[in-house]
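Structural description and commentary
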Amino acid sequence: MELYVAALGFGLISVSVIAIAAVGFTMQFGITNMINLAYGEVMIVCAYVAFYVNRAGVNVWAAMIAAALAGAVLSFLLNRFLYAPFQRKGTNLIGMVIISLAASLILANILLPIVGYDTSSYQVDQGPLLRWNGLVLTTAQIAIIVVAVLLMLAIHGLLRYTRLGKAMRATAANPILARNCGIPTQRVIDMVWLLTGALCGVAGVVAGMNSENFAVASGAAYLITIIAAAVLGGAGQPYGAMIGALIIGIVTELSAAAIAPEYKEVVAFTILVLVMVLRPQGLLAKRGALAAAG
Amino acid sequence: MDKQSPPADRPAPILRAEGITSGYGGVPVVRGVSISMGKGEIVAVIGPNGAGKSTLLKTLVGILRSSSGRILLGADDVTGHPPEDLAKRGVGYVPQVQDIFEPLSVRENLEMGGYLLKDSAIEGRIKEVCDVFPLLAPMMRRRADKLSGGERKMLAIGRVLMLDPRVLILDEPTANLAPILADAVLSEQVRRLADAGKAVLLVEQRARAAMQIADWTVVLVSGQTRLEGRPKDLLERSDFEALFLGAGPPVQED
């Protein structure tokens, strides 16, 4: 039993990391219709931004803010100067996926000569261990969970209660009608990329903190889990991505305890395949992207 | 070309399009069409399927670009202006389909309709729109895609009224509505909006119903103005049926 409780603890941290990443990824798709395969690599670029800031003696939590800014700017530029021009030309969804794959490879190969092939890791003060009914977590791990919960609440508040968030949902649902309402959809989409880019940056750092180490190649592995969570919950649905992250994060860690750690991803992706067979639109999917909040 | 020159007793135009040619990149769908509407006037555009009625409307609201001709709003040339700018200038558009934000609630739809208003003004404006469509008031929290056809169209028109537009452009507001409801939308809602001073441009598949409430009718055939005039005068013409109404039963969609 203790093993499972401990696994649940690991699961909660995985859930936090995946949720932060998957919500950003799925919002990019839901609102701007872009399956951004460079997302994992942007995470890594941001992880390294934080790594150098951290190595210069700055606390990793402060470095996380630098990573968020880097993610916001990089994602914004990626859309403005690469994705948006192709989308304007009418490139289809598959074409855009290939372009984002190219962007991913370009980012990885720019990064490699700078950071090298070796793995890196952060200097993190894990803080005292906290125990609760067999659940053992470090203070830093709890902080990751708190960051994730706060970010999810912020996204919920944004989409549900602010004019900008509602305009994002309106743009996702019906971009032409949004323009007919006078909504500056171009600016709304810029804000989406800044915001999801910041999430991507934070995700890169917490993912790096949650694993022993990270390297340029980690981006691809992150991406697969992120896509799984996003698709599981219903592509383009922020709340779906949160649920997808919850399921994948918990199931992988519990199955690691129940079967063997080597099989944890097999179990997670088996569940994904089963959901895809039984409910191809994903768990929360509704006609159109970004359903009404709540 | 069988045209009548507009009589002098039409109101001064608020929106005026001259010689509009537009389409979707290939052969133009609309060719050299001129149309105008003034304060309190309902102009009905009728015509067979594929005549270019919806294309003309999309061009007038900035979704499509005209390859020639110009569009004047009051004294301003707004040719080629994007939809968001035309919305700001008082042109409201209700498309035939995809006329609401389906995943948003009724209230959120109205809020988005009033996106250009100040935050403090939105609540009051929603109340005013609910005075026009009292049925909307109790369903504010409903998801818009849960509405019936009639409720949905009310929301779509209510959404566009949020900005109190001078010009209202409606693409087949009665499509998908039961006949009795369709008549009510035209003779009550649309007529009332025009009587309140809005310039209304209406595309209708239900030609006779539209002509009953219209002040001016334009018959569009193959992307060109075939005929225009006062509905009463048009209906009295012996060749009118042959020119349009006799051209076979109207088919769904265009």
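What comes next concerns the included structure. This is a predicted model, so every value here is computed, not measured.

Cut-offs used in this document
- Within each chain, residues carry numbers counting from 1 in the order of the written sequence.
- Lettering for chains starts from A, numbering for ligands starts from 1, and both go in the order in which the items are written.
- The model is predicted, so local features are restricted to residues of pLDDT at least 70 and side-chain atom pairs to those at 80 or more, both for listing and for counting; the totals for chains, interfaces and linings are taken over all residues.
- Side-chain metrics rest on all non-hydrogen atoms present in the structure, leaving aside hydrogens and water.
- To qualify as a helix, a DSSP run of H or I must reach at least 4 residues; to qualify as a strand, a run of E must reach at least 2; elements of each kind are numbered from the N terminus.
- We call two residues contacting when some pair of their heavy atoms lies within 4.5 Å.
- Each accessible area value is a Shrake-Rupley result obtained with a 1.4 Å probe; residue values ignore everything except the protein chains displayed when judging cover.
- Charge counting follows a simple rule: Lys and Arg are positive, Asp and Glu are negative, and His as well as the terminal groups are ignored.
- Every charge is mapped onto a representative atom, which is NZ of Lys, CZ of Arg, CG of Asp or CD of Glu.
- Note on classification: 1.4 Å probe, protein chains only; a residue is buried when its accessible area is under 20% of the maximum for its type, exposed when over 50%, partly exposed between these limits.
- One bridge is not enough; two strands pair if DSSP finds at least two bridges between them.
- Expected helix span is computed as 1.5 Å times (number of residues minus one).
- The angle separating two fitted axes, one through the seven residues that finish at a residue and one through the seven that start at it, defines the bend at that residue.
- Throughout, the accessible surface (probe 1.4 Å) given up by two parts as they are put together, summed over both, is called the buried area.
- Salt bridges are defined by distance alone: a side-chain nitrogen of Lys or Arg within 4 Å of a carboxyl oxygen of Asp or Glu.
- Counted as a polar contact is a pair of N or O atoms within 3.5 Å, where, for protein atoms, one must be capable of donating a hydrogen and the other of accepting one, and residues adjacent in sequence contribute only when both atoms are in side chains.
- Polarity classes work like this: nonpolar for Ala, Val, Leu, Ile, Met, Phe, Trp, Tyr, Cys and Pro, charged for Asp, Glu, Lys and Arg, and polar for all others, with Gly in that last group.
- Disulfide: a pair of cysteine sulfur atoms within 2.5 Å of each other.
- Each axis is a line fitted through C-alpha atoms, and for a helix only the stretch in contact is used; angles between axes span 0 to 180 degrees, taken between their N-to-C directions.

Our next topic: the overall build of chain B. Counting secondary structure elements, chain B contains nine helices and 10 strands. Here the C-alpha coordinates of chain B stretch approximately 50 × 40 × 40 Å along the principal axes. Considering only intrachain contacts with a sequence separation of at least 6, the fraction spanning at least 24 residues in chain B is 70%. In the structure as shown, chain B presents an accessible area of about 10,700 Å², 53% of it carried by carbon and sulfur atoms. Placing the 32 positive and 33 negative side-chain charges of chain B at their respective mean positions leaves the two points 2 Å apart.

With that settled, the discussion passes to the pairing of strand β6 (residues 91-94) of chain B. All names here are of chain B. Side chains V91 and Y93 of β6 all project onto a buried face; the interleaved residues G92 and V94 project onto the opposite face, where all are buried too. Bridge count for β6 against strand β7 (residues 167-171) is four bridges, and the pairing is parallel. In the strand pairing of β7, Y93 is matched with I169.

Turning our attention to helix α6 (residues 179-195) of chain B. All names here are of chain B. A rise of 1.5 Å per residue sets the reference length of α6, with its 17 residues, at 24 Å; its end C-alpha atoms lie 23 Å apart and thus fit the reference within 8%. V185 marks the point of greatest bend in α6, at about 30°. Considering only its buried residues, α6 is in contact with β3 (42-46), α4 (119-132), α5 (149-161), β7, β8 (199-203) and α7 (207-213). Backbone geometry just downstream of α6 places G197 in the positive-phi region, at approximately 105°.

In this section: the interface of chain A and chain B. Residue-level contacts link 23 residues of chain A with 30 residues of chain B. Between chain A and chain B lies a buried interface of about 2,300 Å² when both sides are counted; carbon and sulfur atoms form 55% of it. The largest contributions to the chain A side of the interface with chain B come from R163(A), N180(A) and C181(A), which together make up 29% of the buried area. The tally of links from chain A across to chain B stands at four salt bridges. Viewed at the interface, chain B and chain A are joined by seven residue pairs in polar contact (both at pLDDT 80 or more). Of all the elements in the fold, those that place two or more residues in the side of chain A that touches chain B are α6 (163-173) and α7 (175-180) of chain A. No other element matches the six residues that α6(A) contributes to the side of chain A that touches chain B. Of the residues assigned to the side of chain A that touches chain B, the class counts are 13 nonpolar, three polar and seven charged.

All names here are of chain B. Its identity is not glycine, yet E172 carries a phi of approximately 45°, on the positive side. Among the secondary structure elements, E172 is positioned in the loop between β7 and α6. When its relative accessible area of 4% is taken as the criterion, E172 is described as buried. The phi dihedral of S222 is positive, around 50°, even though this residue is not glycine. For S222, the location among the structural elements is in the loop between β9 (216-221) and β10 (224-229).

Below, the discussion takes up the pairing of β8(B). Residue and element names in this part refer to chain B. Buried residues dominate β8, accounting for five of its five residues. Of the two faces of β8, the one lined by A199, L201 and V203 and the one lined by V200 and L202 are each fully buried. Two elements, β3 and β8, share four bridges in a ladder whose sense is parallel. For I42, the partnering residue across the bridge sits in β8 and is V200. Inspection of the sheet shows β7 paired to β8 by five bridges, in the parallel sense. For L170, the partnering residue across the bridge sits in β8 and is L202.

Further remarks concern the state of the cysteines. Under the criterion given, the structure shown has zero disulfides over all chains. There is no disulfide at C181(A), and the cysteine sulfur nearest it, in C130(B), is 16 Å away. C200(A) takes part in no disulfide bond, and the closest cysteine sulfur, belonging to C46(A), lies 5.4 Å away. With a relative accessible area of 0%, C200(A) lands in the buried category.

Further remarks concern the side chain of S36(B). Structurally, S36(B) can be placed in strand β2 (residues 30-38). Those residues in contact with S36(B), other than ones at most four positions away along the chain, are R10(B), P13(B), L15(B), R16(B), E41(B) and V43(B).

Another aspect to go through is the sheet that holds β8(B). Residue and element names in this part refer to chain B. Pairing is mixed across the open sheet formed by six strands, whose spatial order is β6-β7-β8-β3-β9-β10. On the outer flanks of this sheet lie β6 and β10, each paired with one strand and no other. Recorded for the sheet is a direction-independent mean angle of 15° between the axes of neighbouring strands. Along the sheet, helix α1 (residues 53-60) contacts β3, β6, β7, β8 and β9; its crossing angle with β7, the most-contacted strand, is approximately 150°. Sheet strands touched by α5: β6 and β7. Its angle to β6, the strand with the most contacts, is close to 165°.

No statement about biological role is implied by the geometric values presented.
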